Structure formats: structure tokens, C-alpha cells
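Summary of the model geometry
Spelled out from the first residue to the last, the chains are:
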Amino acid sequence: MRTLALSDEILMKVDKAARYIGGEVNSVMKDKNEVDIRFAMCFPDVYEIGMSNLGMMILYNMFNQREDVWCERLFSPWPDLDKVMREEKIPLFALESQEPIRDFDFLGITIGYEMCYTNILQVLDLSGIPLKSVDRGEDFPIVIGGGACAYNPEPLAPFFDLFYIGEGETVYDALFDAYKANKKDGGSRKDFLLAAAKIPGIYVPSLYEVTYKEDGTIASFAPTVDDVPEKVQKQLIIDMEKEYRAVEAPVVPHIKATQDRVTLEIQRGCIRGCRFCQAGMIYRPTRERDVETLKESARIMLKNTGHEEISLSSLSSSDYSQLKELVNFLIEEFHGKAINISLPSLRIDAFALDVMSKVQDVKKSSLTFAPEAGSQRLRDVINKGLTEEVILHGAGEAFKGGWNQVKLYFMLGLPTETEDDMKGIAHLAQKIAETYYEVVPKEQRKGKVQINVSTSFFVPKPFTPFQWAPMYTEQDFVEKAKVVKNEVRAQLNQRSIRYNWHEPDVTALEGFLARGDRRCADVILKAYEKGALYDAWTENFDYDIWKEAMAECGVDMTFYTLRERSLDEILPWDFIDTGVSRKFLEREWQRAKEGVVTENCRQKCSACGAMKFKGGVCLEGKN
């Protein structure tokens, strides 16, 4: 029988004690004495957020299918428990065994967004693991990171032993086998890191050296030992039937998770090529799962979890070629069984609206559009592939179908943006409001139309055509939001339009961390030491701490955020090969400046480089 790491007295004092006790339905228990590798899988945020992460579910399931591996979970303790653990000197523990992370072979950390970086240091600190890899001896776990932010691992490089670049299904088996072989041969930690660096997709920061020019830009980035590749190649699965590791029995959280539902991944990648979207570039090419396999997975997962909702997950669900068949199957299969079907990432067309009218309570739901930019000119710059005509037609069809609430998402601070583009956000909202009154007869209206406009501020991310673009200052962002706010107030239907915007200081910091190099690690460490934690949570974020940390480390944030990069500059992430070529990104950057649209992958191949993977959408119709 398990002994809980926290006493009843402590559990009674902290918020949501169920975050820390484990023992959930479908969690995996093994005998630690009968496995060769113990792997602690961490999502560095609160339990409810981490338990919604699909990547973590997939790896947890995949690792535990190996008889020689026991994978357990852990999440960042909320500040109330963090305080108690430090005072009582309680080491951070895994949920399944309730045993200290310090005793594991691996600590794997999913790095999904930049604002969790101080939480990563919290996890290491509470586990009793030295924060910097150079200070770890033979008896400490190997710390490995993966996820979207691993595509620029450099700001975190000193804290990790390894990074995995790509999709987890591909080379973890080889990594585990290398670990076991090294252990059997009596090899050292360094011996294992050398062996791991030769496995495709594995990046070992300590085996690479960076030098800088006088102006602060990178002069060179190269391995320091022989047989270690200069470029780290992204790993991904191509055959979604043979290689995909379906999760048939996901762990059911004790408390309501952010995404409290079964998640069915229907495809990977995106055909669209939006120039601001990192995920759309790094997950190329688009690969679909077989519709019959998905039908069976849906049945099994709902049965094994008891969830009452199933979500179809992808970057652009409307582009899944078998969506109509799959959705109609789910509607028929679960009719009368109180199963809700969630369809995120839909392009609003006739089919989407028909589907949503069948699966949603029209009275309670609102529709979401993401035009991203207020003018057609700027939508062409970002290659959104969405015209005002399509947006208004979709809104009109939705209003006819019974909806009267619409959410609109835009970005401010995009490359080449003008004041007219900003004002265009308010004008488009006004046109959508007018459409409601034009297409819905007065006697059929269910109250007034409600348009909720939300703007975030643009961050140029690595491996996008906008990676060379400059950002704006926090004050610039505020001024841009004011332009939109004032223009909204000037509209005839202003009472029907609500406007809010994202915090500009959070955006500025996100840009610094997303585009940073190894010198930024000192700032992250200093901010953590000063108390920065849960920076993704508005109530915990303290920008002053970060500004103080930068000042004390002698780091100028504007070097990373406000400066436009030249095309010949070595970028911190250039050593990673995502398959999408630099030549393609440069070409798209130029086309953006010219306002030229690039067709999506099914309309015409744009020679992005992903053809090298020999699969997915790149080979459609070519067999």
C-alpha cells in the first residue's frame, strides 16, 4: 500500500489537495524493483493544466507499455504547497509512487510555453536537483526537455542535460536502450550524454559551444567533440497508423481539468502556412490518422474514462479530409448518451455550422472566428487565407442558424501594420454586427448580437517567416490597443461590441524568452531567485522582478525584442533542422513584405522542404 508523501495535516491546509495524492483511474502502478528505468514525467504548471496536455498523455502511455520502464507524473506545486515543502524540507515527489524525484533515472519536462520557465527551476529546486547541469553528479536524474519551446532551447540550455527535438514516439526507445547499455557497461553520466548526442533528435547543450561578436550577435555555434552532429534533425512519425501510439485509457483527473474530456488527435501539422504560426511550420508535413481507427479509439476512450465529452484535436480540424464522416459517426454513435462533441480549430463554413448546430446548445454557445488582422491587406501579409467576404458569409450563416454571440481574435503589432489596419478590427466587428440585423428578421432574433473582440500582441517565433521581425515596446502595444478601443467606441453598434486585450508586459517577456540565447539563462535564474513563479498566471506575474533580474545580469531585453534580424545573422536556434528550409522562410518573409499570398499545401506545393520526410500531405496524389 502506498504511503502519501504529504501528511493529512498538510493536505488539509493546501488548496485542492487532490492535485497531490495520485491514485486516479487509469494511472499506472508498477513494482519499482522490476523495472530498469524510472521516468518522472513533469508538466511545469498546476495539475489541472498539465492533466489536459495531450503530449504528456501519449508519452505516459507509451513509456509504460515497456515492461522495463515505469513512468510517473508530477506537476508544479501551487505556491501554498511550495511554501510548506520548503519549510518542512519535503522533497518533490511523483504522484504514482509518492517517492522523491531525486531517486529517478530521468526527469522529463514538457516545455509548452515560455511563461513556465521559472516553474521548471522550481521543480528542479524542490526535487533537490542542482539547477545547472554542470553541477549534477552521477547520482542525479538525467533532465530532458521536449515540446514546442524545445525548438529554441538555448535560454534553458544550462538547466537541461538533454533536449528532444520532435515528436516523442520516434527515438525514446533508442534513448532508453542506450541508457541501459551504458549502465550495464559501468559508463558515466558523461558517457551516456555522448552516446545520446549521436541519436537523431537529441541535443546535448553541454557538447556545443557558442561564441559572440562584439555587437552581441552569435559568431559561431558548433559541437566541441567529434561525432556529434552540427545540426540536430527534428524527429517525427510519418506513418500515422503503424507508428502512432494511441492512448486508449488516459488517466482520469481527480478534479476538473482545464480540458475535462477525451482528446482524440485526428491529424498532425497544418496545410495553411500562416506566417506568424510556429506550430504550423515546425509540425510539417500534415499527416492524417485513418478515420476507422479514430472511430474505434473514440469508443474505447469514452468507455475507459467515463468522460462525457470528446474533443477532436488538430491545428486545423476543418482540413482533416474525413472530418464529415467522423463527426457524423460520433453524432450517430453517441446519440442519446449525453456525449458532447467539441470541435476546436474549425473554419466556419456550411458544414461546420451544420455540425455545431447538432452538437452544441445554441442558446449557450458562442462561435469563434480568428481573422487575426483587421484589414485584407494585413491578412494577406500574414498569409491567413481568409477574406472579409468569407468571414461575413460565415457569420451570416451562423446568425441564421441561431447564434447571436461571436468571439473574434486578432493580433496587434504584426509586421507592416498601419493605423488603418488597427482601426479595421473595429470596422470588421461593426460589419459582423450589421450582418446579424441584416440576415435575421426582427421577430426571429434572440436578443441583441454580442461581438467579443480580443487582441493579443504579436511575438515573432523561431522557425516562422517572421522570425526576423522586430517587436514593439509595451507602451507601443498599449497605444495600439487604444486605437482599437477608440475606434470601437465610434461604431454604430458599439454597445454590441466588447473589447479586451492581452497584457503587453507578459508579451514582451514572452518575446525575450522565445527569441533568447544562452545568456538569457542567467536572467531566468535570477528572476526565480527573486521570487518569480507561475508567470503564466496573471495574479502571480510580477514584471518588476524580471526587469530587476535583467538589470542585475546586464542583459538588455530590447536586443532580443525590438531589433530586426538581418538574413545573414546566426540565430540561436539555427542548429536545429525542422525540415522547413531557411530558404523557404526567407522567401516567405519577402512575400509577406510584398503582401503576396502563398497557396496552402493542398492547392500547390510551396517547396518548404518538408518533402524530405517523404510522407503526409507532401505525397498526396503522388503514389
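Each chain has its residues counted from 1, following the order in which its sequence is written. Reporting of local features is limited, given that this is a predicted model, to residues whose pLDDT is at least 70; pairs of side-chain atoms are given and counted only at 80 or more, and all residues count toward the totals for whole chains, interfaces and linings. Note: side-chain values were computed over all heavy atoms of the structure, leaving out hydrogens and water.

**Regarding the nonpolar core**
Counted only if it meets this: Buried Ala, Val, Leu, Ile, Met, Phe, Trp, Tyr and Cys residues form a nonpolar core when they are joined through side-chain atoms within 4.5 Å. Any residue under 20% of the maximum accessible area for its type is buried, any over 50% is exposed, and the rest in between are partly exposed; the area is computed with a 1.4 Å probe on protein chains only. Residues are treated as being in contact if the distance between any of their heavy atoms lies within 4.5 Å.
Grouped together as the largest cluster of nonpolar side chains are 141 residues, with contacts concentrated most on L107 and W546. Apart from the residues lying within four places of it in its own chain, the contact partners of W546 are T118, L509, L513, V523, I524, A527, A532, D535 and F541. One finds W403, F410, L412 and V488 within the second-largest nonpolar core, a separate group that totals 61 residues.

**Focus on helix α4 (residues 79-88)**
To keep it simple, the criterion reads: A run of H or I in DSSP becomes a helix once it reaches four residues, and a run of E becomes a strand once it reaches two; helices and strands are each numbered from the N terminus. Taken from the helix axis, the directions to the C-beta atoms give the arc we talk about.
Where α4 is concerned, the buried positions are L81, D82, V84 and M85. Buried residues along α4 cover an arc of 165 degrees about the axis, so they all sit on one side. The exposed set on the far side of α4, more than 90 degrees from its buried face, consists of K83 and E87. Close packing links the buried residues of α4 with α1 (8-13) and α5 (117-127). Once α4 ends, the next one or two residues include K89, with phi positive near 55 degrees.

**Here's the deal with the sheet that holds strand β10 (residues 262-265)**
The strands that make up a sheet are held in pairs by hydrogen bonds between backbone atoms, and each pair lies either parallel or antiparallel. Operational definition: Only strands that DSSP links by at least two bridges are regarded as paired with each other. Fitted lines through C-alpha atoms serve as axes, helices being fitted only where they are in contact, and the angles separating the N-to-C directions of these axes extend from 0 to 180 degrees.
An order of β10-β13-β14 is seen for the 3 strands of this open sheet, with the pairing classed as parallel. This sheet does not close on itself; its edge strands, each paired only once, are β10 and β14 (340-342). Strand after strand, the sheet turns through a mean of 25 degrees between neighbouring axes, direction not considered. Bridge analysis of β10 against strand β13 (residues 309-313) gives 4 bridges, and the strand direction is parallel. Paired with T263 across the bridge in β13 is S311. Relative to the sheet, helix α9 (residues 291-305) contacts β10 and β13, its axis offset from that of β10 by approximately 165 degrees. The sheet contacts of helix α10 (residues 323-333) involve β13 and β14, and relative to β13 the element is tilted by about 175 degrees.

**Some words on empty space enclosed by the protein**
Put simply, the test is: Cavity and pocket criteria rest on a 1 Å grid covering protein atoms alone: a 1.4 Å probe that fits but cannot get out defines a cavity, protein on both sides within 12 Å along at least 5 of 7 lines defines an open pocket, and an atom within 4 Å of a point defines a lining residue. Grid points are joined across faces, edges and corners, and a volume is the space filled by probe spheres set on the points. Amino acid classes used here: Ala, Val, Leu, Ile, Met, Phe, Trp, Tyr, Cys and Pro are nonpolar; Asp, Glu, Lys and Arg are charged; the rest, including Gly, are polar.
In total, this model carries 7 cavities of 30 Å³ or more according to the counting rule given. Around the largest cavity sit G50, M51, N53, M56, M57, Y60, N61, R73, V247, P250 and V251, which together line it. Along the lines of polarity and charge, the residues of the lining of the largest cavity split into 7 nonpolar, 3 polar and 1 charged. Taken as a whole, the second largest cavity holds about 80 Å³ of empty space. M51, M57, V251, R261 and H307 are the residues nearest the centre of the second largest cavity, which is lined by 13 residues in total. Class assignment of the residues belonging to the lining of the second largest cavity gives a composition of 8 nonpolar, 3 polar and 2 charged.

**Here we look at the state of the cysteines**
Just so we agree on the cut-off: Here, a disulfide means two cysteine sulfur atoms that sit within 2.5 Å of each other.
Here the structure, examined in full by the defined rule, presents 0 disulfides. The cysteine C553 is free of any disulfide, with C520 supplying the nearest cysteine sulfur at 9.8 Å. Residue class for C553 comes out partly exposed when judged on its relative accessible area of 27%. The thiol sulfur of C605 is not disulfide-bonded, and the nearest other cysteine sulfur, from C618, lies at 6.2 Å.

**A look at the sheet that holds strand β15 (residues 367-372)**
As summarised here, the arrangement of the 4 strands in space is β15-β16-β17-β18, forming an open sheet in which the pairing is parallel. With one partner strand each, in any of the chains shown, β15 and β18 (497-501) form the two edges of the open sheet. In this sheet, neighbouring strand axes are inclined to one another by 20 degrees on average, regardless of whether the strands run parallel or antiparallel. In this sheet, strand β17 (residues 450-457) lies alongside strand β16 (residues 405-412) in parallel orientation, the contact comprising 8 bridges. Within β17, the position partnered with Y409 by the bridge is S454. Contacts between helix α13 (residues 388-400) and the sheet are confined to β15 and β16, with β15 contributing the most and set at about 170 degrees to the helix.

**Thoughts on the side chain of Q98**
Quick reminder of the rule: By the criterion applied in these results, polar contacts are pairs of N or O atoms within 3.5 Å in which, for protein atoms, one can donate a hydrogen and the other can accept it, and in which residues neighboring in sequence qualify only through two side-chain atoms.
Secondary-structure assignment places Q98 in the loop between α4 and β3 (106-110). On the accessibility criterion, Q98 (6% relative accessible area) is buried. A polar contact of 3.1 Å, which involves the side chain of Q98, links it to the backbone oxygen of Y20. Setting aside residues up to four positions removed in sequence, Q98 forms contacts with R2, T3, L4, A5, L6, Y20, I21, G22, E72 and F93.

**What about helix α18 (residues 543-553)?**
When α18 is considered as a whole, its buried residues turn out to be Y543, I545, W546, A549 and M550. Within α18, the buried residues cover an arc of 155 degrees as seen down the axis, which keeps them to one side. On its buried face, α18 is in contact with α5, α15 (474-489), α16 (504-514) and α17 (521-529). Of the residues flanking the start of α18, the one acting as N-cap is D542, its side-chain oxygen 3.1 Å from the backbone nitrogen of D544.

**Observations regarding the pattern of salt bridges**
We apply this condition: In the sections that follow, a salt bridge refers to a side-chain nitrogen of Lys or Arg positioned within 4 Å of a carboxyl oxygen of Asp or Glu.
If you walk through the whole model with that rule in mind, you get 56 salt bridges. Across the salt bridge formed by R66 and D68, the nearest N and O atoms sit 2.8 Å from each other. R66 gets classed as buried once you look at its relative accessible area, which sits at 15%. A salt bridge links R268 to E169; its shortest N-O distance comes to 2.7 Å. Here R268 is found in strand β11 (residues 267-268), whereas its partner E169 is found in the loop between β5 (162-164) and α6 (172-184), with 99 residues between them in sequence. Using a relative accessible area of 9% as the deciding quantity, one classes R268 as buried. One salt-bridge network, in which partners are shared between bridges, spans D36, R66, D68, D173, D177, K180 and R245.

**Brief notes about the packing of α9 against α10**
The criterion, for reference: The labels follow the angle: roughly parallel below 35 degrees, roughly antiparallel above 145, roughly perpendicular from 65 to 115, and oblique for the rest. Two helices cross in a left-handed way if the nearer one is turned anticlockwise from the farther one by less than a right angle. They cross in a right-handed way if the turn is clockwise.
Two elements in contact, α9 and α10, have axes separated by 10 Å at closest approach and are oriented at 30 degrees. Classified by the interaxial angle, the pair formed by α9 and α10 is roughly parallel. Crossing geometry of α9 relative to α10 is assigned as right-handed. Facing α9, whose interface residues are V291, E292, L294, K295, A298 and R299, α10 presents E325, L326, F329, L330 and E333.

**Topic: unusual backbone geometry**
Cis peptide bonds are those with omega within 30 degrees of zero, and the linkage from R284 to P285 qualifies with -5 degrees. When you line up the elements, P285 lands in the loop between α8 (278-282) and β12 (287-288). You will see that D227, though not glycine, has its phi angle at about 70 degrees, which is positive. Along the polypeptide, D227 turns up in the loop between β8 (218-223) and β9 (232-233). A relative accessible area of 61% means that D227 is categorised as exposed. The backbone of Y534 shows a phi angle near 50 degrees, a positive value even though the residue is not glycine.

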